[in-house]
Amino acid sequence: AETAINYLLANNILSRPEDKLFRPNDSITREEIVKMLVMATGTLDENAVTALSDVKKGEWYYPYIASAVQEGIVVGDDKGHFNIGSNITRQDIAVMIGRTLALAGFETEANNEKVFDDDGDISEYAKNAVYFMKQIGIINGIGNNLFAPRATATRAQVAKMIYEMMKAVGK
């Protein structure tokens, strides 16, 4: 993921940590990924608002999440929460990137020709996004034809997915 990480750093999609350590195997929170998606798509709207109950005005993440809600990249859960501080799963990042690509004009219907061996573990709401992203080469699984949909995504995995998404849209 080194090329992806360096590209995202150079394009201000990733912030350089003060200690200059990226920690590629660490997990990433939902708000961190949303910031990256908003920065990657240039959809930050400082005036955007959100009614998600756990997204507090004045917090660093507020404008990014509000912008993502406004754009349709995130919708919140059935209780009206974003789930601040929660690590993102691999299937949820697939859904967010799939929505981002749809907003960029991609027809995001997957053909589902080649399924992952752990297909039964992928939630129904995420299957199309997972397979569409596999189909266009944004994801390829974790080896042995597994996707690990409910596993927490690592910082390196997310960087690679966003980098591949940007290549797909010509950025």
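Residues numbered from 1 in each chain as written. Predicted model: local features only at pLDDT ≥ 70, side-chain atom pairs only at ≥ 80, totals over all residues. Heavy atoms only, no water.

A. Quick look at the overall build of the chain. The helix and strand tally for the chain stands at 6 helices and 0 strands. Put simply, the chain runs from its N terminus to its C terminus through helices and strands in the order α-α-α-α-α-α. Taking 2.2 N^0.38 as the reference for a compact globule, 171 residues should give roughly 16 Å; the C-alpha atoms of the chain span a radius of gyration of 15 Å, in line with that estimate. Along the three orthogonal principal directions, the C-alpha set of the chain runs to about 45 × 35 × 30 Å. (Helix = DSSP H or I, 4+ residues; strand = E, 2+ residues; numbered from the N terminus. Rg over C-alpha atoms; globule rule 2.2 N^0.38 Å.)

B. Looking closely at the nonpolar core. Membership of the largest hydrophobic core comes to 51 residues, with the highest contact counts inside it found for Ile 33, Val 34, Leu 37, Ile 97, Ile 162 and Met 165. Those residues in contact with Ile 162 that sit more than four places away from it in its chain are Leu 8, Ile 33, Met 36, Leu 37, Ala 40 and Ile 97. (Core = buried A, V, L, I, M, F, W, Y, C linked by side-chain atoms within 4.5 Å. Buried < 20%, exposed > 50% of the residue type's maximum accessible area, 1.4 Å probe, protein only. Contact = heavy atoms within 4.5 Å.)

C. Structural detail: the packing of helix α2 (residues 30-41) against helix α6 (residues 155-168). Where α2 contacts α6, the two axes come as close as 11 Å, and the packing angle between them is 20 degrees. Considering the angle they form, α2 stands roughly parallel to α6. The two elements α2 and α6 cross, and the hand of that crossing is right-handed. Between α2 and α6, the residues in contact are Glu 32, Ile 33, Met 36, Leu 37, Ala 40 and Thr 41 and Arg 155, Val 158, Ala 159, Ile 162, Met 165 and Met 166, respectively. Tallied by class, the residues present in the contact of α2 with α6 amount to 9 nonpolar, 1 polar and 2 charged. (Axes fitted to C-alpha atoms, helices over the stretch in contact; angles between N-to-C directions. Parallel < 35°, antiparallel > 145°, perpendicular 65-115°, else oblique. Left-handed = near helix turned anticlockwise from the far one by under 90°. Nonpolar A, V, L, I, M, F, W, Y, C, P; charged D, E, K, R; others polar.)

D. Broad picture of α6. In a regular helix each residue adds 1.5 Å, so 14 residues correspond to 20 Å; α6 covers 20 Å between its end C-alpha atoms and thus fits that length. Along α6, 10 of the 14 residues are buried, which leaves the element largely enclosed by surrounding structure. All of the buried residues in α6 are Arg 155, Ala 156, Val 158, Ala 159, Met 161, Ile 162, Tyr 163, Glu 164, Met 165 and Met 166. The inward-facing, buried residues of α6 abut α1 (2-10), α2, α4 (90-103) and α5 (124-135). Taken from the residues just after α6, Gly 170 is the one with a positive phi, measuring 80 degrees. (Expected span 1.5 Å × (residues − 1).)

E. A look at the packing of aromatic side chains. Tallied over the entire structure, the rule returns 5 aromatic pairs. On the basis of an interplanar angle of 70 degrees and a centroid distance of 5.3 Å, the ring pair of Tyr 7 and Tyr 163 is categorised as edge-to-face. Of the two residues, Tyr 7 sits in helix α1 while Tyr 163 sits in helix α6, which places them 156 residues apart along the sequence. Look at Tyr 7 and you get partly exposed, because its relative accessible area is 24%. The buried category is assigned to Tyr 163, whose relative accessible area is 15%. An aromatic cluster of at least three residues, connected via ring pairs, comprises Trp 60, Tyr 61 and Tyr 64. Sitting above the plane of the Phe 147 ring, Arg 90 keeps its charged end 4.5 Å from the centroid. In this structure, Lys 134 is placed above the aromatic ring of Phe 116, and the distance from its NZ or CZ to the ring centre is 4.2 Å. (Phe/Tyr/Trp six-rings, centres within 6.5 Å; stacked < 30°, edge-to-face > 60°. Lys NZ or Arg CZ within 6 Å of the ring centre and 35° of its normal.)

F. Looking closely at the environment of Ile 13. If you trace the backbone, Ile 13 turns up in the loop between α1 and α2. The exposure class assigned to Ile 13 is buried, which follows from its relative accessible area of 3%. When the C-alpha atoms of Ile 13 and Thr 152 are compared, they prove to be 21 Å apart, with 139 residues separating the residues in sequence. Beyond its immediate sequence surroundings of up to four residues, Ile 13 is in contact with Leu 8, Met 36, Met 39, Ala 40 and Met 166.

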